[in-house]
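Below, each chain spelled out in residue letters.
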Amino acid sequence: MKFQYSEKKIKLPRNVHAYAEKKVMKLARFFDEDAEALITFSVEKNRNIAELTVHGAGTWFRAKESTSDMFASIDAAVGTIEGQIRKNKTRLARRLKQDAFVRSAEETSFAPDETEEEFNIVRIKQFPMKPMHREEAILQMNLLEHSFFAFRDEDNDGAFAVVYSRNDGGYGLIEDVR
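Every value quoted in this text rests on a predicted model; they were computed, and no experiment measured them.

**Student:** I'd like a rundown of helix H2 (residues 70-87), residues and numbers included.
**Tutor:** The end-to-end C-alpha separation of H2 is 25 Å, in line with the 26 Å expected for 18 residues at 1.5 Å each. For H2, the complete set of buried residues consists of Met70, Ser73, Ile74, Ala77, Val78, Ile81, Glu82, Gln84 and Ile85.

The following block contains the structure:
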């Protein structure tokens, strides 16, 4: 597993990074060797925040935990991702059987760009959208803890679509009509 660290408004000693790496390596059994982990440390209002994002060949897991101790925040973030994996074990196992985690290096590249344009776009994300079923897109959205998720809809011949969380607790779908 490859590790990247980011520190916002804080400078941590190396032992915190080593501790985080040791704890996140417990998740390595769920992923291939080429999995990536991004750990962001920050402090806000006397709260230590650890944000952990793990990307393993097409699936993203994200957790953000805040406690009074950075070590406890790391433990909680790893526990949250472990819980996400267990909660969705059957769905993820089905995806594994369908080789959903098998991708080439070109398909898994993620390149954020920062540009300034007339309408003040402050960040551009580019990534390949793999075809998936609507249920799988909702699962991926929930694992990322996002309110929407863009994908290629296998149920609609690979057309661009977006699933989103509704305020009433349900899900919505925006689909391309050609």
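**Student:** Hey, could you go over the pairing of strand E1 (residues 2-8) for me, with residue numbers and the actual values?
**Tutor:** Pairing of E1 with strand E2 (residues 36-44), which is carried by seven bridges, proceeds in the parallel orientation. Within E2, the residue paired with phenylalanine 3 across the bridge is alanine 37. Following the chain from E1 across helix H1 (residues 14-24) to the adjacent parallel E2, one finds a crossover that is left-handed.

**Student:** Describe a negative patch on the surface, listing the residues and the values that go with them.
**Tutor:** Among the surface-exposed residues, Asp32, Glu33, Asp34 and Glu36 lie close enough to one another that they form a single negatively charged patch. When you line up the elements, glutamate 33 lands in the loop between H1 and E2. By relative accessible area, glutamate 33 is classed as exposed at 74%.

**Student:** Hey, could you go over unusual backbone geometry for me, with residue numbers and the actual values?
**Tutor:** Even without a glycine there, the phi angle at glutamate 145 is positive, about 60°. Tracing the chain through its elements places glutamate 145 in the loop between helix H4 (134-144) and strand E6 (148-153). Assessed through its relative accessible area of 43%, glutamate 145 is described here as partly exposed.

**Student:** Tell me about the nonpolar core, and name the residues and values.
**Tutor:** Within soluble globular proteins, side chains that are nonpolar tend to cluster in buried spots. If you look at the biggest cluster of nonpolar residues, it comprises 24 residues, and the most contacted ones within it are Val24, Leu27, Phe41, Leu52 and Ile81. Contributions of two or more residues to this core are made by H1, E2, strand E3 (47-56), strand E4 (59-67), H2 and H4. Per-element tally for this core: the top contributor is H2, with six residues. In this structure, valine 24 is in contact with Met1, Phe3, Ala37, Ile39, Leu52 and Val78, ignoring residues within four places of it in sequence. Listed in part, the nine residues of the second largest apolar core include Ile138, Phe149, Phe151 and Val163.

Criteria and thresholds
- Residues numbered from 1 in each chain as written.
- Predicted model: local features only at pLDDT ≥ 70, side-chain atom pairs only at ≥ 80, totals over all residues.
- Heavy atoms only, no water.
- Helix = DSSP H or I, 4+ residues; strand = E, 2+ residues; numbered from the N terminus.
- Expected span 1.5 Å × (residues − 1).
- Buried < 20%, exposed > 50% of the residue type's maximum accessible area, 1.4 Å probe, protein only.
- Pairing = 2+ DSSP bridges.
- Right-handed = clockwise from strand over helix to strand, strands pointing away.
- Patch = residues over 30% accessible without salt bridge, like charges linked within 9 Å, V, L, I, M, F, W, Y side chains within 5 Å.
- Areas by Shrake-Rupley, 256 points an atom, 1.4 Å probe, with all protein chains shown as cover.
- Salt bridge = Lys/Arg side-chain N within 4 Å of Asp/Glu carboxyl O.
- Lys, Arg positive; Asp, Glu negative; His and termini not counted.
- Charge placed at Lys NZ, Arg CZ, Asp CG, Glu CD.
- Core = buried A, V, L, I, M, F, W, Y, C linked by side-chain atoms within 4.5 Å.
- Contact = heavy atoms within 4.5 Å.

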